[in-house]
Amino acid sequence: MPIPASSDGPELLDVVDRYVKPATQGISRYLHLLHGNFARDAESERAPFLRSLSAAAREITDEELEILLRREWRSRLTASWLIGFDRRVHFRDVLGDLLLASQLCFAGQGYCFALARFGTDEDARHLAAYLDRYLRRPDCQFDQHWAISALLHIDGRTGSEHSARFLAPGGLWHQWSEARFRPSAPGRFMDGLCALAADGVDGSRRRRVRE
């Protein structure tokens, strides 16, 4: 699904105001999403944020998501989290292409989350394509940690081994990590983010049933 060229206007400002900027606990939504910051909040603070995010993910239209995906990193980050929360898998290839292009800082975190949340071999192929390109670039400190964590999450869910070739001794992950100033092991933080997303969606459904 191609994303049309962007154009500024009242429609864009309205979509950004309704989905990117809304604040929970005095902090804009995109800042809660950046680096998965909401996961470190206390439950009493995280719960209202997840309720708000889950409601927004159900409410936003595909056309509004396309508007956000044409914009700057805050809008793209928010759009991809909303896509992942609502599991709109028809955006899979769009997000995979945006991830591989890696045009804007931070937006790739959201693409990786959404692909992890979709959780299929097809999503794993997009993540692997990104890692194949950018683990060969130690000068690029982009979203490699997010991509490998997303790939590990899919492997854990499906029993696949997409991450194995990257993590083998002397493989691309180790080459890239050793070339960095502070080498680090791949993390499994995506498991926790996807679990919180699932809990948030399930909790929202239970509340709607009771109402």
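So, here's what we can say about the structure. Owing to the predicted nature of the structure, the values given are computational and were not obtained by experimental measurement.

## Here we look at the overall build of the protein
Part 1 of the reasoning: When its secondary structure is counted, the protein shows 12 helices and 2 strands.
Part 2 of the reasoning: Secondary structure elements in the protein, listed N-terminal to C-terminal, are α-β-β-α-α-α-α-α-α-α-α-α-α-α.
Part 3 of the reasoning: Residue burial in the protein is summarised as follows: out of 211 residues, 48% are buried.
Part 4 of the reasoning: Accessible area for the protein stands at about 10,000 Å²; split by element, carbon and sulfur atoms hold 51% of it.

## Some points on helix α7 (residues 107-118)
Part 1 of the reasoning: For α7, with 12 residues, the first-to-last C-alpha span of 17 Å sits near the 16 Å given by 1.5 Å per residue.
Part 2 of the reasoning: Across the 12 residues that make up α7, a large majority, 12, are buried.
Part 3 of the reasoning: Looking at α7, one finds that the buried residues are Ala107, Gly108, Gln109, Gly110, Tyr111, Cys112, Phe113, Ala114, Leu115, Ala116, Arg117 and Phe118.
Part 4 of the reasoning: Downstream of α7 by a residue or two, Gly119 has a phi angle that is positive, lying close to 75°.

## Some remarks on the packing of aromatic side chains
Part 1 of the reasoning: Applying the stated criterion across every chain, the model contains 10 aromatic pairs.
Part 2 of the reasoning: Aromatic pair Trp146 and Phe189: ring centres 5.0 Å apart, planes at 70°, arrangement edge-to-face. Highlighted residues: Trp146 in helix α9 (residues 144-158) and Phe189 in helix α12 (residues 189-210), separated in sequence by 43 residues.
Part 3 of the reasoning: Aromatic ring contacts, followed pair by pair, group Phe38, Phe49, Trp81, Phe85 and Phe113 into a single cluster.

## A look at the nonpolar core
Part 1 of the reasoning: By size, the foremost hydrophobic cluster in this structure holds 64 residues, and its most contacted members are Leu69, Trp81, Phe85, Leu127 and Met190.
Part 2 of the reasoning: With 8 residues, the top contributor of residues to this core is α7.
Part 3 of the reasoning: Apart from the residues within four sequence positions on either side, Leu127 is in contact with Leu99, Cys112, Leu115, Ala147, Ala150, Leu151 and Ile154.

## Observations concerning the pattern of salt bridges
Pairs may arise between side chains of opposite charge once their charged atoms sit close together.
Part 1 of the reasoning: For the coordinates displayed, the defined rule picks out 14 salt bridges.
Part 2 of the reasoning: Residues Glu59 and Arg18 are paired through a salt bridge, measuring 3.9 Å at the closest nitrogen-oxygen approach. A residue pair is termed long-range when its members are at least 10 positions apart, and Glu59 in helix α3 (residues 43-59) and Arg18 in helix α1 (residues 10-19) qualify at 41 residues.
Part 3 of the reasoning: Between Arg92 and Asp123 there is a salt bridge, with the nearest N and O atoms lying 2.5 Å from each other. Taken as a pair, Arg92 in helix α6 (residues 92-101) and Asp123 in helix α8 (residues 121-134) lie far apart in primary sequence, 31 residues in all.
Part 4 of the reasoning: When its relative accessible area of 11% is taken as the criterion, Arg92 is described as buried.
Part 5 of the reasoning: Several salt bridges share partner residues, and in doing so they unite Asp14, Arg18, Glu59 and Glu64 into one network.

## So, helix α4 (residues 62-69)
Part 1 of the reasoning: Burial of α4 is extensive: 6 of the 8 residues sit out of reach of the surface.
Part 2 of the reasoning: Looking at α4, one finds that the buried residues are Glu64, Leu65, Glu66, Ile67, Leu68 and Leu69.
Part 3 of the reasoning: Buried residues in α4 make contact with α1, α5 (73-85), α6 and α7.

## Section: the side chain of Ser75
Part 1 of the reasoning: With respect to the helices and strands, Ser75 occurs in helix α5.
Part 2 of the reasoning: Taking the relative accessible area as the measure of exposure, Ser75 reaches 0% and is therefore buried.
Part 3 of the reasoning: There is a polar contact of 2.4 Å between the side chain of Ser75 and the side chain of Glu72.
Part 4 of the reasoning: Dropping the residues within four chain positions of it, Ser75 is found in contact with Val16, Val20 and Leu68.

## Describing the packing of α6 against α7
Part 1 of the reasoning: Packing of α6 against α7 brings their axes to within 9 Å, and their N-to-C directions diverge by 140°. Comparing their axes, α7 and α6 come out oblique. Crossing angle aside, the handedness with which α6 passes α7 is left-handed. Where α6 approaches α7, its residues Arg92, Leu95, Leu98 and Leu99 are matched on the opposing element by Gly108, Tyr111, Cys112, Ala114, Leu115 and Phe118.
Part 2 of the reasoning: Its residues placed into classes, the contact of α6 with α7 shows 8 nonpolar, 1 polar and 1 charged.

Definitions and limits used
- Residues numbered from 1 in each chain as written.
- Predicted model: local features only at pLDDT ≥ 70, side-chain atom pairs only at ≥ 80, totals over all residues.
- Heavy atoms only, no water.
- Helix = DSSP H or I, 4+ residues; strand = E, 2+ residues; numbered from the N terminus.
- Buried < 20%, exposed > 50% of the residue type's maximum accessible area, 1.4 Å probe, protein only.
- Areas by Shrake-Rupley, 256 points an atom, 1.4 Å probe, with all protein chains shown as cover.
- Expected span 1.5 Å × (residues − 1).
- Phe/Tyr/Trp six-rings, centres within 6.5 Å; stacked < 30°, edge-to-face > 60°.
- Core = buried A, V, L, I, M, F, W, Y, C linked by side-chain atoms within 4.5 Å.
- Contact = heavy atoms within 4.5 Å.
- Salt bridge = Lys/Arg side-chain N within 4 Å of Asp/Glu carboxyl O.
- Polar contact = N/O pair within 3.5 Å; in protein donor to acceptor, adjacent residues only side chain to side chain.
- Axes fitted to C-alpha atoms, helices over the stretch in contact; angles between N-to-C directions.
- Parallel < 35°, antiparallel > 145°, perpendicular 65-115°, else oblique.
- Left-handed = near helix turned anticlockwise from the far one by under 90°.
- Nonpolar A, V, L, I, M, F, W, Y, C, P; charged D, E, K, R; others polar.

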